[in-house]
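Notes for the structure review
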Amino acid sequence: MKAQPDELGRHMRSLRISVTDRCDLRCAYCMPSKVYQWLPKRAILSFEEILRLVDAFVAQGVQRVRLTGGEPLLRRGLVDLVQALASRPGVKDLALTTNGTQLARWARPLRDAGLARVTVSLDSLRPSRHAALTRRAVLEDVIAGIRAARDVGFEQLKLNTVVLRDVNEDEIADIVDFAGRMNAQARFIEYMDVGGATGWSTEHVVTRSEILQQLEANCGPLISGEERGVAPAELFTMTDGQCVGVIASTTQPFCRDCDRSRLTADGRWYLCLYDGNGTDLRKMLRDGADTTKLSTCIGEEWRKRQNRGAEERLKVSDRSALYQIEELRRDLRLEMHTRGG
Ligand code: SAM
Ligand code: SF4
């Protein structure tokens, strides 16, 4: 039985699964701390547990699954999980978000296992700037990963760039040009005050309209694409036919259409990126709940959903970072790398 829509009439269609909270990078806007405490190994869901939960979600209407993290390619055996998910008829769309450092090695096996779409995070094309942002000198590996993804022919390849004031806003045109050569869609994301973005301030956000102005100034006129629908990115086509996306999560949030929820690597299910509580599905699983019971619980929780975290944040006057390090230490799941971006 498919889940009823939530309190705001939104259907549950998309599930983002963080397969690990570990990451090999330390992007300043995501993982600000020098020292990290990781989720305990025994708490991390096994592939079998993830698949059981996916079955329960699919029974409630989920059709699209995105694997994320932390860095998902650090999870040992990920290709096996991809293969198992790709062979489930209920999973109509299977995608992965990665920082790209390991992608050159894994692009072919992932494609062969049935992964349809890949998004690679790429905030700069300049080695020293990329290293400063991610705190590791890995740009060459990331570029090799993007090339490998292009060469194996995923159904779609996207590049995500978080645009930060006075950091990488001057690279928008270069990234569009690079994306064109990689047969990829460049997507520019407004800096969000989520999880580990402890240094966030409105001054650091390069807004949708500023991104569009820059695109028009450097790449020529833009034609608005089809309606955004439930997708976060607004699409625009340039005169040469290349398509770019803008994700205005901070200044023009799209909570009203949000069909997504998120599962942490240790089985906590969140109805919104800004959600403070979450449901402990791992406990239910390990206490012996069968798929029907899990699925019923998921459907009931979804029906009560009222979350529209990004819209609520818009109402805050003198808005600043959502959390500081001390709060992140108290609850590891507040962080974006644990929750899965
Ligand atoms: N490690 C993988 C990666 O970097 O693609 C997957 C996990 S990462 C948390 C997923 C996405 O969240 C990345 O594209 C990253 O740029 C984005 N992200 C993290 N913190 C963000 C923030 N404060 N504002 C906007 N996007 C953010
Ligand atoms: Fe960067 Fe992704 Fe790792 Fe966060 S999870 S530090 S965005 S690579």
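Below or above, wherever it landed, is the structure these notes cover. Residues take numbers from 1 onward in each chain, read along the sequence in its written order. Think of it this way: whatever chain is written first is A, whatever ligand is written first is 1, and the rest follow in order. Restriction of local features to residues with pLDDT of at least 70 applies here, the model being predicted, together with a cutoff of 80 or more for giving and counting side-chain atom pairs; totals for whole chains, interfaces and linings are based on all residues. Excluded from the side-chain calculation are hydrogens and water; included are all heavy atoms of the structure.

Right, let's get into the state of the cysteines. A pair of sulfur atoms, both from cysteines and within 2.5 Å, is called a disulfide here. Overall, the coordinates contain zero disulfides when judged by the stated rule. With no disulfide partner, Cys-255 has as its closest neighbouring cysteine sulfur the one in Cys-272, 6.1 Å distant.

In this section: the packing of aromatic side chains. The criterion for an aromatic pair is that two Phe, Tyr or Trp rings (for Trp, the six-membered ring) have centres within 6.5 Å, with stacked assigned to planes under 30 degrees apart, edge-to-face to planes over 60 apart and tilted to the rest. A complete count under the given rule lists three aromatic pairs for this structure. For the pair Tyr-29 and Tyr-191, a centre-to-centre distance of 6.5 Å together with 65° between the ring planes defines the contact as edge-to-face. Pair noted here: Tyr-29 is in the loop between strand E1 (14-18) and helix H1 (47-59) and Tyr-191 is in the loop between strand E6 (185-190) and helix H7 (208-219), with a separation of 162 residues, a long-range link. A centroid spacing of 5.6 Å and a plane angle of 25° characterise the contact between Tyr-36 and Trp-38, whose relative ring orientation is stacked. A 1.4 Å probe rolled over the protein chains alone gives each residue an accessible area, and that area as a share of the maximum for its type sets the label: buried under 20%, exposed over 50%, partly exposed in between. Judged by its relative accessible area of 14%, Tyr-36 is buried. Here, a charge over a ring is recorded when the distance from Lys NZ or Arg CZ to the ring centre is within 6 Å and its angle to the ring normal is within 35 degrees. Note that Arg-339 overlies the ring of Tyr-270, its terminal NZ or CZ placed 3.8 Å from the centroid. Note on conventions: DSSP H or I runs of at least 4 residues are helices, E runs of at least 2 residues are strands, and numbering of each starts at the N terminus.

Angular values range over 0 to 180 degrees, each being the angle between N-to-C directions of two axes fitted as lines to C-alpha atoms, with helices fitted over their stretch in contact. At their nearest, the axes of H1 and helix H2 (residues 78-86) sit 11 Å apart, and the two run at 25° to each other. With respect to each other, H1 and H2 are oriented roughly parallel. The way H1 lies across H2 gives a crossing that is right-handed. On the side of H1, the interface is formed by Phe-47, Ile-50, Leu-51 and Val-54, while H2 contributes Leu-78, Leu-81, Ala-84 and Leu-85. Among the residues making up the contact of H1 with H2, the classes are represented as eight nonpolar, no polar and no charged. When an angle is under 35 degrees it counts as roughly parallel; over 145 it counts as roughly antiparallel; between 65 and 115 it counts as roughly perpendicular; any other value is oblique. For a crossing to be left-handed, the near helix must be turned anticlockwise from the far one by less than a right angle; the clockwise case is right-handed. The contact rule is simple, with two residues in contact once any of their heavy atoms fall within 4.5 Å. We call Asp, Glu, Lys and Arg charged. Ala, Val, Leu, Ile, Met, Phe, Trp, Tyr, Cys and Pro are nonpolar, and the rest, Gly among them, are polar.

Let us look at the sheet that holds strand E5 (residues 156-163). Remark on secondary structure: sheet strands pair via backbone hydrogen bonds, oriented parallel or antiparallel. If you trace the 12 strands from one edge of the open sheet to the other, you get E7-E8-E9-E6-E5-E4-E3-E2-E1-E10-E11-E12, paired in mixed fashion. Each having just a single partner strand, strand E7 (222-224) and strand E12 (279-280) make up the two edges of the open sheet. Across five bridges, E1 lies against strand E2 (residues 64-68) in parallel orientation. From the neighbouring strand, Arg-16 faces E2, where its bridge partner is Arg-66. Most of the contacts of H7 go to strand E9 (residues 243-247), to which it runs at about 160°, and overall it touches E5, E6, E7, strand E8 (234-238) and E9. Strands pair, by our definition, only if DSSP identifies at least two bridges between them.

With that settled, the discussion passes to the site of ligand 1. Tyr-29, Gly-70, Thr-98, Ser-121 and Met-192 are the nearest of the 19 residues found near ligand 1. Throughout this description, a polar contact denotes any pair of N or O atoms lying within 3.5 Å of each other; where both atoms belong to protein, one of them has to be capable of donating a hydrogen while the other can accept it, and for residues adjacent in sequence the pair is counted only when both atoms sit in side chains. Ser-121 has a polar side-chain atom sitting 2.6 Å from an oxygen atom of ligand 1. For ligand 1, the protein covers 95% of the area, taking 540 Å² as the surface of the free molecule. Mapped onto the shell around ligand 1, the elements with two or more residues apiece are strand E3 (93-98) and E5. Tallied by class, the residues present in the shell around ligand 1 amount to eight nonpolar, nine polar and two charged. Nearness of a residue to a molecule or strand requires only that one of the residue's heavy atoms be within 4 Å of it. Using the Shrake-Rupley algorithm and a 1.4 Å probe, accessible areas are obtained, with residue cover drawn only from the displayed protein chains.

Take the environment of Ile-146 next. Inspection of the secondary structure assignment puts Ile-146 in helix H5 (residues 139-152). Given a relative accessible area of 0%, Ile-146 falls into the buried group. For the pair Ile-146 and Ser-33, spaced 113 residues apart in sequence, the C-alpha separation works out to 28 Å. Other than its neighbours up to four places away in sequence, Ile-146 contacts Leu-103, Val-120, Leu-122, Leu-157, Leu-159, Phe-178 and Met-182.

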